Amino acid sequence: MSVPRWRRPGPGPGRGWDVATGETRTTLTGHTGQVFSVAYSPDGRTLATASNSPVVRLWDAATGNAVATLTGHTETASSVAFSSDGRLATGSTDATARLWDVALPQPSDAIRRICRAVNRNLTPPERTAYLSDQSVSPACPTR
């Protein structure tokens, strides 16, 4: 897998560059202003970004899709860094540092939790929206 380098030259989306070819590989859209800090998770699957808002965003590094938004700072989130165990530390101009457990569940674990929460199988539109790449068998185990 070619790992992109991330650069945020000013207003607009962040871009991931393939260092071998110099081509834009992925564009991250979601922040409304300048991105100050970008960090890869230890497994290389997740990116964290901090911008000129209190929000920190998590992205799928392979696709550029947003996977989570972290709120809690009251002023600009200015820095992000992952620890070796995958936790995320964020710093802000609100004079706080926060430590987040950002481990994302495996899809099968997430499906089990959803099934328990709604106490039913997924409807055909839900299945199309969330599990389009899965088989047509029931997503939730029968009791």
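Residues numbered from 1 in each chain as written. Predicted model: local features only at pLDDT ≥ 70, side-chain atom pairs only at ≥ 80, totals over all residues. Heavy atoms only, no water.

**Description of the overall build of the protein**
Stage number 1. The helix and strand inventory of the protein stands at two helices and 10 strands.
Stage number 2. Order of helices (α) and strands (β) in the protein, N terminus to C terminus: β-β-β-β-β-β-β-β-β-β-α-α.
Stage number 3. Out of the 143 residues in the protein, the part that is buried amounts to 34%.
Stage number 4. Taking as baseline every contact in the protein between residues at least 6 positions apart, the subset at least 24 positions apart corresponds to 30%.
Stage number 5. For the protein, the accessible surface area stands at approximately 8900 Å², while carbon and sulfur atoms represent 52% of it. (Helix = DSSP H or I, 4+ residues; strand = E, 2+ residues; numbered from the N terminus. Buried < 20%, exposed > 50% of the residue type's maximum accessible area, 1.4 Å probe, protein only. Contact = heavy atoms within 4.5 Å. Areas by Shrake-Rupley, 256 points an atom, 1.4 Å probe, with all protein chains shown as cover.)

**Focus on the pairing of strand β7 (residues 66-70)**
Stage number 1. Inspection of the sheet shows strand β6 (residues 56-60) paired to β7 by four bridges, in the antiparallel sense. The residue bridging Val56 from the neighbouring strand is Leu70, located in β7.
Stage number 2. Where β6 folds back onto β7 in an antiparallel hairpin, the turn is made up of five residues, including Gly64, whose phi is positive at roughly 80 degrees. (Pairing = 2+ DSSP bridges.)

**Structural notes on the nonpolar core**
Stage number 1. Listed in full, the 12 residues of the largest apolar core are Ala39, Ala48, Ala50, Val56, Leu58, Leu70, Ala77, Val80, Phe82, Leu88, Trp100 and Val102.
Stage number 2. Only β5 (46-51), β6 and β8 (77-82) provide two or more residues apiece to this core.
Stage number 3. Take this core: its biggest share by element is three residues, from β8.
Stage number 4. Leaving out residues up to four positions away in the same chain, Leu70 has contacts with Pro54, Val55, Val56, Leu58, Leu88, Trp100 and Val102. (Core = buried A, V, L, I, M, F, W, Y, C linked by side-chain atoms within 4.5 Å.)

**Structural notes on the pattern of salt bridges**
Stage number 1. Applying the stated criterion to the full structure yields two salt bridges.
Stage number 2. Among the salt bridges present, the one from Asp43 reaches Arg45, with a minimum N-O distance of 4.0 Å.
Stage number 3. For Arg45, a relative accessible area of 51% translates into the label exposed.
Stage number 4. For the salt bridge of Arg87 with Asp85, the shortest nitrogen-to-oxygen distance reads 3.1 Å. (Salt bridge = Lys/Arg side-chain N within 4 Å of Asp/Glu carboxyl O.)

**Notes on the sheet that holds β7**
Stage number 1. Read from one edge of the open sheet, four strands run β4-β5-β6-β7, paired in antiparallel fashion. With one partner strand each, in any of the chains shown, β4 (35-40) and β7 form the two edges of the open sheet. Across the sheet, the mean angle separating the axes of adjacent strands is 20 degrees when strand polarity is ignored. (Axes fitted to C-alpha atoms, helices over the stretch in contact; angles between N-to-C directions.)

**Looking at the side chain of Ser51**
Stage number 1. Relative to the assigned elements, Ser51 resides in strand β5.
Stage number 2. If near-sequence neighbours (up to four positions away) are discounted, Ser51 is found in contact with His31, Gln34, Val35, Phe36, Thr76 and Ala77.

**Concerning the pairing of β8**
Stage number 1. Two elements, β8 and strand β9 (residues 88-92), share five bridges in a ladder whose sense is antiparallel. In the strand pairing of β9, Ala77 is matched with Ser92.
Stage number 2. The antiparallel hairpin formed by β8 and β9 contains five residues in its connecting segment, where Gly86 sits at a positive phi of about 95 degrees.

**Some words on the sheet that holds β8**
Stage number 1. Strands sit in the order β8-β9-β10 across an open sheet of three strands; the sheet is antiparallel. The two strands at the open ends of the sheet, each matched to only one other strand, are β8 and β10 (97-100). On average, each strand axis in the sheet is inclined to that of its neighbour by 20 degrees, with strand direction left out of account.
Stage number 2. In this structure, β9 lies alongside β10, joined through four bridges in antiparallel fashion. In the strand pairing of β10, Leu88 is matched with Trp100.

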